[in-house]
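Reading the structure
The residues making up each chain are set out below.
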Amino acid sequence: MELVTLRNHAQAMNRKGFPGPILSCAGKIRTLMSGNISGLFKVSQETFQVAALELRSVDLQSPRNNKGHHTQEMGLKRLIVRRGQLFNLQLNFNRPFQPQTDSITFVAETGPEPTELLGTRASFLLTQARQEKVWSASDFTIDSNSLQVSLFTPANAVIGHYTLKIKISRDQGQSVTYPLGNFILLFNPWSAEDDVYLPSEILLQEYIMKDYGFVYKGRESFVTSWPWNYGQFEEDIIDICFEILNKSLYFLKNPSKDYSQRNDVVYVCRVMSAMINSNDDSGVLQGNWGEDYSKGVSPLEWNGSVAILRQWSARGGQPVKYGQCWVFASVMCTVMRCLGVPTRVVSNFHSAHNMDGNLTIDTYYDQNAEMLPSEKQDKIWNFHVWNECWMIRKDLPPGYNGWQVLDPTPQQTSSGLFCCGPASVRAIKEGEVHLAYDTPFVYAEVNADEVIWLLRDGEAQEILAHNTSSIGKEISTKMVGSDQRQDITGSYKYPEGSPEERSVFMKASRKMLRPKRASSLLLDLLGSRVFEDQPVQLQLHLARMPVWGQDVPLTLHVWRVPERAHPRGPIRLVVRFCAQPLLHGGGTRKPLWRQMVHLSLDIGKEIQWPLLLPYNNYRNKLTDEKLIRVSGIAEVEETGRSMLVLKDLSLEPPLLSIEVSERAEVGNILRVHITLTNTLMVALNNCTMVLEGSGLINGQIVKDLGTLMAGHTIRIQVDFYPIKTGPRQLQVLISSNEVKEIKGYKDIFVAAATAS
């Protein structure tokens, strides 16, 4: 009876994959039935050999894992996960996994020469209980020949492309290695252990998941919004991001060391800040602040980052022509959001570029109100655009975590390369300019004082103005969950003129100015207001919104200031006006309009004097950005002293409208109508339209529109098939020889395809 039972067990084990010779042991068992039982156990151990464990297949479960790691927008075919979070995979073997006897070691590697010492290689055993803060494979379940395993990557792991394999131990210390596949590891702002942790789902949806946004341009008195397609989830963008890192000078100098430091968000941000521009390396964009863009694309004609990044990659890392600050910052936003770092684009209006670190920007005018070029590199940009990235700063004292400024526009070097940041926004507000990185430069961008001089015979003779609050205005970013603009000036500095603001300014000044310059012109000026004590005040106003292609009406408003020290009788003024094309970088070109006005003003009186800047004076004389500076120098005949009045004009292009009549569904045709009326006095020649929008259009749609005569309207129909569900944004750009930036956008919600 016992023999039959054993024989049945043997047959069952044969069916489950055990070696065939088991049945042959029946004769031995029959012989041993009359012997001692210890002999039976001895023979059983020799003959019941378990088959070696062999891997048959693997399922990385990319769709499930990617959804759990908020990377499904990048695609479901590849495994893309975030560090500090479990992901699952299924291993299929030739037989059931036996925890007591089988030993599996997982190996994850990244970089050219991975080692555990550098953190680019991890080797870890399969265990039932997960180990905290280290690479681990655990929480496994066995289902027949399948093994479900949970893998965990520590929140300080190196980001990048990984290979994953297993080693199955055999007898005599031998092992067999099986490749499992590849995966991409990213920063994880959803993990409390990660240095980029952002504890708000609403903010994460905005600063990681939102693939479109706005860049704010113009001037502080008239801020305009530019739609931008970040497109960080387009399928190839993640690979291009790591391609950028692999072309950095840090990688080329020491690839293994560079990879080992990619666990540090501060390091990755600094490398990317240098690589978005091409001043030192094979960076993404070449800057151009001139007016000749014939060898590339005007910075005004980009709609988004995707076309730029794809062109850079397709041409083997040749810099894309051309970029300016908003293009650099927008591409940086795409890359950092793609890598998993919460990022936003920030615009600073009337932004100082203070190269000598003295917190003073000097500008010069002559007696005819013409702004003069300066030999100094210091300048005041109409606006400047940078990034903020969210992170913990373990390299700084407590209290400086959160938003950090990063500026990829090549302005000055930092540690030998053209990069800037991360600089803590909190440190900037508190004037802690000694904290890394590049905090003095960013502090000056939002806090420097402006001193305006009157030059006579080539020498500075008189201070026309000392502006302590004109720099760093309307600091702006996109509002969370809205298309509106948010003013974040209060994050960078205390209210202008407040005791706190001046106290912080003095603290920063003492740190930034060398001891031998303690009695500098800047500090001497801080207590001086003598040049503000004038008998009259002047302002320039626009009679209506200025539009390119039309005359610009202005009004000079002049009024007396009642002071005992001023003359009692009428005041005679000679006001000389000058209009110059204004460059984005703060400089000007030769005057295009001049006018002189004689005024007499008695006590208690005021004058509204009309001025007109004709279209023919500025036609064909402006840069693509259509900016004009109107300045006036008023000389008081009774005192011989002078006053300055300024007005910067941004000439608005025609407006376009976008209409979507149908419900948008994935895979179904969506018809869009775009309408543009040429409200200018001249024709628009060689008009081209570019449509872009991640999740709506694969790449771009480009149409030549020809010439649009003055006063005429064009209506264009475009059909496309939305690709992804959810909120999307369609960006439209129409450019011509005369106007480069007629832009518009339409928010579109794309529903899932309805069942037919």
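Before any of the text, the structure's been laid out above.
Figured I'd write up the structure that's included with this text. (Residues numbered from 1 in each chain as written. Predicted model: local features only at pLDDT ≥ 70, side-chain atom pairs only at ≥ 80, totals over all residues. Heavy atoms only, no water.)

A short note on the pattern of salt bridges
Where charged atoms from two side chains of opposite charge approach closely, those side chains can pair. Here is the rule we go by: When a carboxyl oxygen of Asp or Glu is within 4 Å of a side-chain nitrogen of Lys or Arg, the pair counts as a salt bridge. For the purposes of this entry, the term helix denotes a DSSP run of H or I that reaches at least four residues, the term strand denotes a run of E that reaches at least two, and both are numbered from the N terminus. Relative accessibility thresholds used throughout: buried, under 20% of the residue-type maximum; exposed, over 50%; partly exposed, between the two (1.4 Å probe, protein chains only).
Throughout the structure, instances matching the rule amount to 38 salt bridges. Between Glu430 and Arg426 there is a salt bridge; the shortest N-O distance is 3.5 Å. Pair noted here: Glu430 and Arg426 are both in helix H12 (residues 425–430), with a separation of four residues, about one helical turn. Given a relative accessible area of 44%, Arg426 falls into the partly exposed group. The network of salt bridges with common partners includes Glu73, Asp211, Lys724 and Arg728.

Regarding unusual backbone geometry
In most cases, non-glycine residues show a negative phi, while peptide bonds are predominantly trans. Here the amide bond leading from Lys321 into Tyr322 is cis, since omega sits at 10 degrees, within 30 degrees of zero. Inspection of the secondary structure assignment puts Tyr322 in strand E13 (residues 320–323). Residue Pro422 is bonded to the preceding Gly421 through a cis peptide linkage, with omega at 5 degrees. As for its position among the elements, Pro422 is in the loop between strand E20 (417–418) and strand E21 (423–424). Its identity is not glycine, yet Asp139 carries a phi of approximately 50 degrees, on the positive side. Among the structural elements, Asp139 can be located in strand E6 (residues 136–143). The partly exposed category is assigned to Asp139, whose relative accessible area is 35%.

With respect to helix H9 (residues 265–275)
Keep this limit in mind: Two N or O atoms count as a polar contact when they lie within 3.5 Å, although within protein this holds only if one can serve as hydrogen donor and the other as acceptor, and sequence-adjacent residues are included solely when both atoms are side-chain atoms.
Buried residues dominate H9, accounting for 11 of its 11 residues. Taken together, the buried positions of H9 are occupied by Val265, Val266, Tyr267, Val268, Cys269, Arg270, Val271, Met272, Ser273, Ala274 and Met275. Where H9 begins, the side chain of Asp264 points an oxygen toward the backbone nitrogen of Val266, at a separation of 3.0 Å.

Let's talk about the pairing of strand E22 (residues 449–456)
For clarity, the threshold we go by: Strands are treated as partners if at least two bridges between them are detected by DSSP.
Judged by how many residues are buried, E22 sits mostly within the fold: seven of eight residues are covered. The pairing of E22 with strand E23 (residues 459–467) spans seven bridges and is classified as antiparallel. What sits directly across from Arg456, in E23, is Glu459. In this structure, the hairpin formed by E22 and E23 is closed by a connection of two residues, where Asp457 is found at a positive phi of approximately 55 degrees.

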